[in-house]
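A closer look at the structure
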Amino acid sequence: MPVQNSIRETFFEECEDLLEALSEGLGQIAESETDAETVNAVFRAVHSIKGGAGAFGLDVLVQFAHRFETVLDKLRNDEMEKTPELMRVLLRSGDILADLVEAARNEEDSDAQSIAAPLADLDAVLGTQPQEEAPPPTEFEFQPMTLELDGLAGTPEDPVLSQFSIFFKPGPDLFANGHDPVLLFGALEQLGSLQVALEASALPSFEALEQTQPYLAWTIALATEETETVIHEVFEFVEGLCELQITPLGNEITSSEIEAPPLSATSDVSQAETTAAPDQELAQQIPERRGKDARRTPRPKEQKGPRPTLRVDLDRVDRLINTVGELIINQAMIAQRIGELGLPSGDEVANDLEDYKLLARDIQEAVMAIRAQPVKSLFQRMGRIGRGHSKTREA
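Quantities reported herein were computed from a predicted structural model and do not represent experimental measurements. (Residues numbered from 1 in each chain as written. Predicted model: local features only at pLDDT ≥ 70, side-chain atom pairs only at ≥ 80, totals over all residues. Heavy atoms only, no water.)

Some details on unusual backbone geometry
What you tend to see is this: most non-glycine residues have negative phi, and most peptide bonds are trans. What counts is decided by this rule: Helix and strand assignments follow DSSP, with helices taken as H or I runs no shorter than four residues and strands as E runs no shorter than two, numbered in order from the N terminus. Residue burial is assigned from relative accessible area. The probe radius is 1.4 Å, only protein chains are included, and a residue is buried under 20% of its type maximum, exposed over 50%, and partly exposed in between.
Unlike most non-glycine residues, D78 shows phi in positive territory, near 60°. Considering the arrangement of structural elements, one finds D78 in the loop between helix 3 (59-76) and helix 4 (84-105). Take D78: its relative accessible area is 71%, and that puts it in the exposed class. The phi angle at E107 is positive, at roughly 60°, despite the residue not being glycine. Within the secondary structure layout, E107 lies in the loop between helix 4 and helix 5 (116-126).

Below is the structure:
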């Protein structure tokens, strides 16, 4: 497959997730009070579709998405009140946007006339006359811009930063799932100025260490222009795997008032608190679980909110399922052969075989869960069918 076609198909695959988020967000807005985060999420979905469509020269899709996001922008900036008529237009526009994406994916022709009526509805809620505007640039072009040079001679104005105190204590499952606190601290550093202090008071003597238990925690001071929501997004991949407290301190400072240098994303965490360095080095040398202690890996706790997803070709998933099936058969055959040997109870080989059996079953369950498909998207279509039927009856 040519590179351009591959990128184009990737765009349409991403549109599926964006349209699902759009439909879900519009449903939440229609059913409850207008939530700023939900409106922003809907706006970002439409904006992302418009940007990708512009890269591939899908002019009609770009034109409609541009007008759609204009309405959403006014709604999120409180320049427009949510009314039944507005929600009708937004829900209908979401359906039209999905149709345009599907038509573009199938390389079906769409002209400006096909979106004239939906555009007129959007113009009506905007309180403007139908526009005959040209769509935004559909290719990546350089646009002229004016550079303000007055500030070069002086010191730029310091941005106002909000201060947060963050307490972070990993749980056992956090490390079992391959997460690293240092990477989280590096992501926080990208948001502003960071100071990290190690809490090692719970660390016992070497003889009393339990390999599966984390003993370290960190107190973090962050000064940033971002909101508390953005900080939570840094930890969204470890939500439910740690103890986390984010406390706004309520006082604002400027960047020039920050005395301590930020933590480098590549630096060792022990630099944040030099007095705790020996204890931390000791903790980092704790060996991973082996033998009988590793028979059953703790399952991660249920996470709240949206989870990251990865698109994989179904043929690869099917091959993986078949391979796991062969693994289960192989395990059963080995168990039969060992059973024929008449080994005594408690023999190490029998114990190892039991470990093998448990791990094989865990892999089988996980792979079968990957193959399962959610029915959420199916029921989301019911709302569109109902809106279409309602419009037909009104006509």
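Digging into the nonpolar core
Rule in force here: Among buried residues, the Ala, Val, Leu, Ile, Met, Phe, Trp, Tyr and Cys ones that are joined through side-chain atoms within 4.5 Å form a nonpolar core.
L22, L61, F64, F68, L90 and L97 are the most contacted members of the largest nonpolar core, which totals 39 residues. Among the elements of the structure, helix 1 (3-31), helix 2 (36-55), helix 3, helix 4 and helix 5 are those that each provide at least two residues to this core. With 10 residues, helix 4 is the largest single contributor of residues to this core. Core analysis: the second largest hydrophobic core is formed by 22 residues, V196, L198, L216 and I231 among them.

Here we look at the packing of aromatic side chains
This is how the line gets drawn: Stacked, edge-to-face and tilted labels apply to pairs of Phe, Tyr and Trp rings (six-membered ring for Trp) whose centres lie within 6.5 Å, assigned for plane angles under 30 degrees, over 60, and everything in between, in that order. Only Lys NZ and Arg CZ are tested; either one counts as a charge over a ring when it is within 6 Å of the ring centre and within 35 degrees of the ring normal.
Overall, the coordinates contain seven aromatic pairs when judged by the stated rule. Ring centres of F64 and F68 lie 6.2 Å apart, and the angle between their planes is 50°; this geometry places the pair in the tilted category. Of this pair, F64 and F68 both sit in helix 3, separated by four residues, roughly a single helical turn. Owing to a relative accessible area of 0%, F64 belongs among the buried residues under this scheme. A relative accessible area of 0% places F68 in the buried class. Through pairs of rings, three or more aromatic residues link up here, namely F168, F185, W218 and F235. Seen from the ring of F43, R76 lies directly overhead, with NZ or CZ sitting 3.8 Å from the centre.

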